[in-house]
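Summary of the model geometry
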Amino acid sequence: MTEVGRKYVFDFDSTLTRVEALDVLAEMTLHGKSNREDVIHEIQEITNLGIDGDISFTESLERRIKLLKAHKNHLNPLVDELRQKISKSIAANKEFFEKYSDDIYVISCGFKEFIDPIVKEYNIPSERVYANTFKFDQEGNIIGFDEKNVLATHNGKIECLKQLDLEGEVQVIGDGYSDYVMREAGIAHKFFAYTENVHRDKAADNADHVAPNLDEFLFINDLPRSLSYPKNRIKILLLENVHPAAFDNLSEDGFSVELIEQSLSEDELIEKIKGVHVLGIRSKTKLTPKVLDAANKLLVVGAFCIGTTQIDLDYCKKKGVVVFNAPYSNTRSVVELAIGQIIMLFRNVFPRSTEIHNGEWNKTAINSKEIRGKNLGIVGYGNIGKQLSVLAEAIGMRVYYYDIEDRLAMGNAVKCETLEDLLNVSDAVSLHLDDNKANINFIGEREINQMREGAMLLNLSRGFVVDIPALVNALKSGKLRGAAIDVFPDEPKSNGPFVSELQGIPNVILTPHIGGSTEEAQRDIADFVPNKIMYYVNSGNTVDAVNFPNIRLPKQDKAHRFLHIHRNVPGIMAKINEVLATYEMNISGQYLSTDSDVGYVITDLDRDYNKEVIKALKKVENTIKFRVLY
């Protein structure tokens, strides 16, 4: 007995192409007309009424053609335009159409004059394209359509598919209710609502499956496809009101993205993270071992900030979870705020502003000083510290810096050998320390006593680096003349009430951790971190990962890519290669990067191979995670 295979029936408009062809034709024929937008809108409305079955298709077609006023000469330019508007995932899976062309049909209420030349390039011949045809007058104007064509009638797709009498399982793929009716009539076995270009509720609600792209359809049917795993199945959770551009960037790449404005508690996150592949957070969400143990599918974490103390980096590594952050994106924003605060502290701007808000005019130069010629001490000479050094020197300050690492001075900045040397010489001290736990209370009573009388202290780094009670005492006693504090040891999880011992002290600027919170910085972070996430998920690149061996991989070229994360123990590479040799894999490239804890090996190989090799590689002792990409 011969097994009868599946047959695949595709719609054309908004499925194979991203657009409705008659809408595009209308834009061409109405170019330069004063009523162009109104007519195009009317045509689109009529199109949707027909697709959703709210008016008969015959009526929809008649009304649109009347409005078009098109000519035969418009058809070739229309085809050229449609070639540029093939659905993204359709174009990416051209191989499927070429390989299965004998089983693929197009049933469309569009017109063969523009459908045939498009699908011909996907190896679908004209005899398997069922669509309407135009009528022309002697001058070549489009005046109507062939009314005898079954597809020109209401529910014509049902009759067309009946007449074809296809053997085997028939699957229909389309965007509209007019495609679903073939399933409803019982002549198709499955209906896939295709939503890559438009989501029509009436079709999606009745579908056997919703396919956000062709990859999902091919995955469900275990058919050849351009992606090993449909991106719409990769769940991304973004917390803490991450910039909307991050949502847009990841969604546009095809991922399923959920955005939550606030941070989540450990218990809430344990429940929410199940099934999540990518987690995006800022500084308030704590990623603990308990959370990571519950994260059964987590591949990567994106920290949309500089700091990563909220993440257990070592435990992430042990679980094979890669972490990226944004070490540079908000540098300028922090530096500009520091410069502004230095000026406002030296000029006593906040006390004067408070007085005038309270109705008191107090014009005075007492304790108001220029910053030109003053000494600025920068503690932590990393990306932010260096840029602050450059800008401070540019406006006339003398810059001193201290860092436990050997850092090259920018401009005329002077390196101090000890923290005490810097504190002794500085009129203002600006802290830019990392989130190392060794920096807790880095500036305490002893260090404050080493500062100049009447100096200023700024902290835009980490809340725990300053001993707040010691700072309060120094300000109240007059040892320090002012402070600007942007970060605090304990910060609320969301906007609301806040209490600090520093409140109410004159010439103290308090800001709610906004050093990097500018529109520009948040937009840059929303581009930088998602790009790192996408590079890793899509290709395996770990460049700039903060907890993982860094490796820059070449672009895949018609190859499958095996990503193997393992504990870094002796002999494991030999075991991996032994498996590859046993299954006679043809390797085109292999890349390895390790640190003291984990190894990360990437193998590119020919696409034709025994799939049992995947099971064997997963069973290699000390394997942490394994993925296949193509």
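The preceding data block contains the structure.
All of these numbers come straight from a predicted model, not from anything done at the bench.

The rules behind each value
- Residues numbered from 1 in each chain as written.
- Predicted model: local features only at pLDDT ≥ 70, side-chain atom pairs only at ≥ 80, totals over all residues.
- Heavy atoms only, no water.
- Helix = DSSP H or I, 4+ residues; strand = E, 2+ residues; numbered from the N terminus.
- Contact = heavy atoms within 4.5 Å.
- Buried < 20%, exposed > 50% of the residue type's maximum accessible area, 1.4 Å probe, protein only.
- Polar contact = N/O pair within 3.5 Å; in protein donor to acceptor, adjacent residues only side chain to side chain.
- Axes fitted to C-alpha atoms, helices over the stretch in contact; angles between N-to-C directions.
- Parallel < 35°, antiparallel > 145°, perpendicular 65-115°, else oblique.
- Left-handed = near helix turned anticlockwise from the far one by under 90°.
- Pairing = 2+ DSSP bridges.

**Structural notes on the environment of Tyr229**
Secondary-structure assignment places Tyr229 in the loop between helix H11 (214–220) and strand E9 (235–238). In this structure Tyr229 touches Phe219 and Ile234, once residues within four positions along its chain are discounted.

**Topic: the environment of Ser126**
With respect to the element layout, Ser126 can be found in the loop between helix H7 (112–120) and strand E3 (129–132). For Ser126, a relative accessible area of 36% translates into the label partly exposed. On a C-alpha basis, the gap between Ser126 and Asp116 in space is 5.7 Å, while along the polypeptide they are ten residues apart. With residues up to four places along the chain from it excluded, the contact list for Ser126 reads Lys112 and Asp116. Here the side chain of Ser126 touches Asp116 through a polar contact of 2.8 Å, side chain to side chain.

**Notes on helix H9 (residues 177–184)**
Quick reminder: α-helices carry 3.6 residues per turn. Residues three or four places apart thus point the same way. When we look at burial in H9, the residues that qualify are Tyr177, Asp179, Tyr180, Val181 and Met182. Next to the buried residues of H9 lie helix H2 (36–51), strand E2 (104–111), helix H8 (156–164), strand E6 (170–174), strand E7 (190–194) and helix H10 (201–206). Following H9 by one or two positions, Gly186 has its phi on the positive side, about 85°.

**Details of the packing of H8 against H9**
Taken N-terminus to C-terminus, the directions of H8 and H9 make an angle of 45°; their axes are 8 Å apart at the nearest point. The angle between H8 and H9 falls in the class oblique. For the crossing formed where H8 meets H9, the hand is right-handed. Two secondary-structure elements touch here, H8 through Lys157, Ile158 and Leu161 and H9 through Ser178, Asp179, Val181 and Met182.

**A closer look at the sheet that holds strand E22 (residues 587–594)**
If you walk across this open sheet you meet the four strands as E22-E23-E21-E24, and the pairing is antiparallel. Unpaired on one side and paired on the other, E22 and strand E24 (623–629) mark the two borders of the sheet. For this sheet, the mean angle separating the axes of adjacent strands, direction not counted, is 10°. Bridge count for strand E21 (residues 560–567) against strand E23 (residues 598–605) is eight bridges, and the pairing is antiparallel. Considered in E23, the bridge of Ile565 is made with Tyr600.

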